[in-house]
Each structure stands twice: as structure tokens, then as C-alpha cells.
Amino acid sequence: MLREVVPELQSENEKLWQLIQRLLRHRYGPRSEKLDLEQLQLVLEDAEQSAAEADAAKDAVEPAERRRRVATANRNRGTLPAHLPRYEVVIDVESKQCPCCGGALHVIGEDRTEMLDLLPAQLRVKVVCRPRYGCRGCEGAVVQAPAPERPIDGGMATEALVAHIVVCKFCDGLPLHRQAQMLKRQGITLDRSTLSAWVGRACWWLTPLYELVLGTVLSSDKLFADETTLPVLDPGRGKTKTGRLWCYAVDDRPWAGSTQPAAAYVYSEDRRGEHPTEHLVAFKGTLQVDGYAGFGKLVEARKDASLRLAFCWAHARRPFYEFYTSTQSPLAAEVLARIAKLYAIEADIRGQPPDLRQTVRQLRSRPLVEDLHLWLQDRLPRVPGWSDLAKAMRYVLRHWDGLILYLDDGRLEMDTNVVERAIRPVTITRKNSLFAGSDAGARRWAIANTLIQTCKLSGVDPLAWLTDVLQRIVSGRTKNQELHTLLPWNWCPPSTAAAA
């Protein structure tokens, strides 16, 4: 009797031990599956600061002549950008008489050095003056230019200030209450609710552009899709509910495609599969996703083969990595090493045309993938079925057709990291803001993040873009039929447009 119970208890103990290790890593360990260079940089920053402090103390006691002869590290000393404004500080000699003969000195040259300076952000007041004109012959005739439209009806904020509030919240992760504190330090007391109203009004102006970006993204024949949680305040319950932000992204740069990169977000109150079905009702092509079952139901609902699912190798790899960090399993290490070889091949062909990528994948990647498939099928029966390693193996085999789809299409990627990177800024803003105030507020998150992240993907400064776009839309200079000219990848800065 005991001989039958002991193996079961040992298996249960091993399972619980692995679970504890995973929970400990989730609670205290790093989330990244590789060395976090940003965290490492923090250590290096502290070391560099200590070295700089020591050098400053040393320089304070050494003669100036000796300090000039000491060679210093030449870091970040290239030419500063030409577009930055310059101002000169002339440091001249007190006496312009020759120290030898007393004659007059004349300029024979000069040394010019450039230093990067900062002018702190400063609030200013925009005064709009509209003169009134009257006719001496017609006393009742008074002529005056109409008042310009304001982004906030009857409000004091200009388009530049509203854009600054929006970008700080959704791009830089500064909640509105912190921005209110920053404004108060400059003598401007504004309630957080006032800033919230400004953000809501800005998103109302930007809704047509948001819908244009969303429609452009969903019209592509190859999409990345993922979702993330968004806590939303639920009035009457005294707590928050868990909403969802669905992200759909296009990025053809890895295969030198001509489509401009963009990311669009759509909010829903839950995670039911009917939401992506509704979003992608007209989509036809390849959808690169993780293993979420809702996307699978989307394919099942189609009666034709108009939609294919390409699954993510990063999601397939993750359970093996988690199991390896907990147990140092050689089987998990073997899988990680095999997948690493596939990623090394992808690094070699990144940015190449799709036909070349497909050829290289057929020659180099397909033999490795087929060998991995046979290896998993052979090892799975030998692994305890309840273990996380067996679950990871079954996940890969169950999604195998979608995982190898990238081998036959040079436009596809191995993973969904494109959309994962687009979602990451949302998680930072979510952490700092804690929650969205309502479902309507969550939809504003979708609008703002769509436009800001698309700007970043297009290499456009979100603040400059948003300021100019609000000015053009509010003033009516850009009509509805011309909104496509304001899309981040079509937008032309005012100075460039004037020069053209």
C-alpha cells in the first residue's frame, strides 16, 4: 500500500515545489526572459556617478594647469543638432594691451565650444486681440473679425497646452494629478477634473483621425493582434472591473515592405471572443497572435479559408524558460537552445525582401523545425503528464501548424513582438494611473494610444504632431476630406510645409 502512495506523494511534492518556484519568480524575480539591459544600466549609472563625483573632488584640489593635461573620456561630444537655437556667451580678456610692450591687441582667432543647455518649460499667456472698426458715416456699422475656435469651449487652454497634457499622460506615464502638481509649482492651480475635461475634449476632436488609423490598419492583409487588461472604475460597486484593450498592429519593415507601421487600439468591457470577431469582420489575410482561444473561434466562424492564424514562437518558448529557471531541466534547456538557433537565422535575414527570407527559411530553418517536432514527439511520453514541461510540449504540438506558417511566407514574423512592444507603454501608463475612470474614459485611452504609438512607429514627435493637428482641426484649416494628410506617416511639420 505504501509503495503505491509514496510515488504519488513524491510527484505531488515535485509539482508543488515547481509551483512555488514559479510564484517566487513571478513575485520577486525579473519578468523578462533575458538580461534586462535597462536594469543593468541602472547599476552602471550609479558607478559612473560615483566616478564623476570622485573626479570632481580630485579636480577641486589639483591645479588648473594639471587638469587641462588629463585626458578625459570623449563621450557624447559630437556636433549638437543644427536645428537647436544658439546663444553666445563671450568671455573676453579684461585688458587689451600687450603684456610685453603695452601695444594694442587685435583679434587673431577664437575658440568656440558648444554646450547643451536647457530652458525649463514655462507657461505663458496667449492674448487674442480683435480690434473693432466703426464707420463715421454709419454709426450702426461695427466690423470685427470673428473669434477663433478654441479646443475647449470657453476654456483657457490652447492647443499646445492640451496636447502637452495628453502626451504627458499617455506617452510619458504622468497621471493628471501629478501634472496638476507640476502646474501648481508655476502658480497655476487647476483641478484634476479640469485636466480630465481637456483630455476628453481633445479625444473628441481626434476621433475622426483615430477611426481613419483604425480603418487603415484593419484593411491590411497581415496583422499582429493581442490584448491587455485595463482596470476600469465600476461605479456603485466600490471597486474596478477588468476591461480590455485590443491592439492591432502593422509593421512591414522587417521584410522591407512599403506599408507604413501603425498600431490601433479598441476597448471592450471584457475578453469575450465576440469582440475580435466584430473588429475583424472584414479582415482577410494572416493574423499573427498568441494562443488565445477567441482568435481560434474567429477562424472557425469563417466558412472559407480567408483567415489564417500564425502563432507566436515567443509565447511557445516562454513556458520552457519558466520551467528551466525553476528546475534547471536539461530538456527545457534543449528546447531553448533549438529555438535560439531559429531566432539567429531570423536576425540574419531581417530587413531582406520576402522571397529571400522564404528561401533562407526553407534551407536553414525548416530542417531545424522538423527535427524539433520529432524531438518533442519522442520526449513527451517520457515526461510526467502533470508537469509544466509536458504542458509546454503539448502547447507547441497543438499549435504546430500555426507556428510553422512563417516558413512558407517571407512576410511573416516568428513572433508577435511587434504588438507586444506596442502594448508595453500602455502597461506603464496603467500602472501609474491605476485605472480608467469609466468605459468612456477607457475608450479615450484607445484613441490617445492609437495616435501616439503610431507617431512613435513613424518616427514623429507626438507632441509636435498633436499640437499642429489640433490647431488645424480646431481652426478648420484641414477639412474632413483632407484628414488623411494629417496621418503621422503623411504629416508634414509646419516649418517644412512653409518651406515647400
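See the structure shown above.
Just so we're clear, the structure is a prediction, and the values are computed from it rather than from any experiment. (Residues numbered from 1 in each chain as written. Predicted model: local features only at pLDDT ≥ 70, side-chain atom pairs only at ≥ 80, totals over all residues. Heavy atoms only, no water.)

*Asks:* What exactly am I supposed to notice about helix α11 (residues 354-379) here?
*Replies:* Spacing of three or four residues puts side chains on the same side of an α-helix, whose turn is 3.6 residues. For α11, the principal kink sits at Ser365 and spans about 45°; a proline, Pro367, occurs within the next four residues. For α11, every residue scored as buried is listed here: Arg357, Val360, Arg361, Ser365, Arg366, Val369, Leu372, Trp375 and Leu376. On its buried face, α11 sits against α9 (313-327), α10 (330-349), α12 (388-398) and α13 (400-403). (Bend = angle between axes of the 7 residues up to and from the residue. Helix = DSSP H or I, 4+ residues; strand = E, 2+ residues; numbered from the N terminus. Buried < 20%, exposed > 50% of the residue type's maximum accessible area, 1.4 Å probe, protein only. Contact = heavy atoms within 4.5 Å.)

*Asks:* Teacher, can you tell me more about the pairing of strand β4 (residues 239-250) here?
*Replies:* On any regular strand, side chains alternate: one points to one face of the sheet, the next to the other face. Counting buried residues in β4 gives nine out of 12 residues, a clear majority hidden from the surface. Taken together, the 11 bridges between strand β3 (residues 222-234) and β4 define a ladder with antiparallel strand orientation. Each residue of the ladder has a partner; that of Leu233, found in β4, is Thr240. Note that β4 and strand β5 (residues 262-268) share seven bridges and pair antiparallel. Bridged to Val250 within β5 is Ala262. (Pairing = 2+ DSSP bridges.)

*Asks:* Mind showing me how you'd approach the side chain of Ser306 here?
*Replies:* Structurally, the position occupied by Ser306 is in the loop between α8 (293-301) and β7 (307-311). For Ser306, a relative accessible area of 15% corresponds to the buried category. Among all residues touching Ser306, those that are not within four sequence positions of it are Lys284 and Gly285.

*Asks:* I'm lost on the pattern of salt bridges in this one. Help?
*Replies:* One side chain can pair with another of opposite charge once the charged atoms of both are near each other. Counted by the stated rule, this structure contains 26 salt bridges. For Arg201, the salt bridge is made with Asp153, and the minimal N-O distance between the two is 3.0 Å. Highlighted residues: Arg201 in helix α6 (residues 192-218) and Asp153 in the loop between β2 (142-144) and α4 (159-170), separated in sequence by 48 residues. Its relative accessible area of 23% is what places Arg201 among the partly exposed residues. (Salt bridge = Lys/Arg side-chain N within 4 Å of Asp/Glu carboxyl O.)

*Asks:* Help me understand the state of the cysteines in this model?
*Replies:* Cysteine pairs can be covalently joined through their sulfur atoms, and such a bond is termed a disulfide. According to the stated counting rule, one finds zero disulfides in the structure shown. With no disulfide of its own, Cys168 lies 8.6 Å from the sulfur of Cys171, the closest cysteine sulfur. By relative accessible area, Cys168 is classed as buried at 8%. (Disulfide = S-S within 2.5 Å.)

*Asks:* Explain the packing of aromatic side chains here, please?
*Replies:* Here a ring pair, both rings aromatic, is described through the centre-centre distance and the interplanar angle of the planes. Tallied over the full model, the rule gives six aromatic pairs. Judged by centre distance (5.0 Å) and plane angle (75°), the rings of Trp204 and Trp205 are edge-to-face. Between the aromatic rings of Trp246 and Tyr292, the centroid separation amounts to 5.9 Å while the plane-to-plane angle is 45°, which identifies the pairing as tilted. Taken together, the residues span a long stretch of sequence, with Trp246 in strand β4 and Tyr292 in the loop between β6 (285-289) and α8 at a distance of 46 residues. Accessibility assignment for this pair places Trp246 and Tyr292 in one class, buried. Here the aromatic residues Trp246, Tyr292 and Phe295 are joined through ring pairs into a cluster of three or more. Lying over the aromatic face of Phe170, Lys169 brings its terminal NZ or CZ to 5.2 Å of the ring centre. Positioned over the ring face of Trp204 is Arg201, at 4.6 Å from the centre of the ring. (Phe/Tyr/Trp six-rings, centres within 6.5 Å; stacked < 30°, edge-to-face > 60°. Lys NZ or Arg CZ within 6 Å of the ring centre and 35° of its normal.)

*Asks:* Would you mind going over the packing of α4 against helix α16 (residues 462-475) with me for this structure?
*Replies:* For any two helices packed against each other, the geometry comes down to the angle between their axes and how far apart the axes lie. Two numbers describe how α4 lies on α16: the axes approach to 9 Å, and their chain directions differ by 135°. By the angle between their directions, the pair α4 and α16 is classed as oblique. α16 is crossed by α4, and the crossing has right-handed handedness. Only Pro462, Leu463, Leu466, Thr467, Leu470, Gln471 and Val474 of α16 make contact with α4, whose side of the interface consists of Glu159, Ala160, Val162, Ala163, His164, Val166 and Val167. A per-class count over the contact of α4 with α16 returns 10 nonpolar, three polar and one charged. (Axes fitted to C-alpha atoms, helices over the stretch in contact; angles between N-to-C directions. Parallel < 35°, antiparallel > 145°, perpendicular 65-115°, else oblique. Left-handed = near helix turned anticlockwise from the far one by under 90°. Nonpolar A, V, L, I, M, F, W, Y, C, P; charged D, E, K, R; others polar.)

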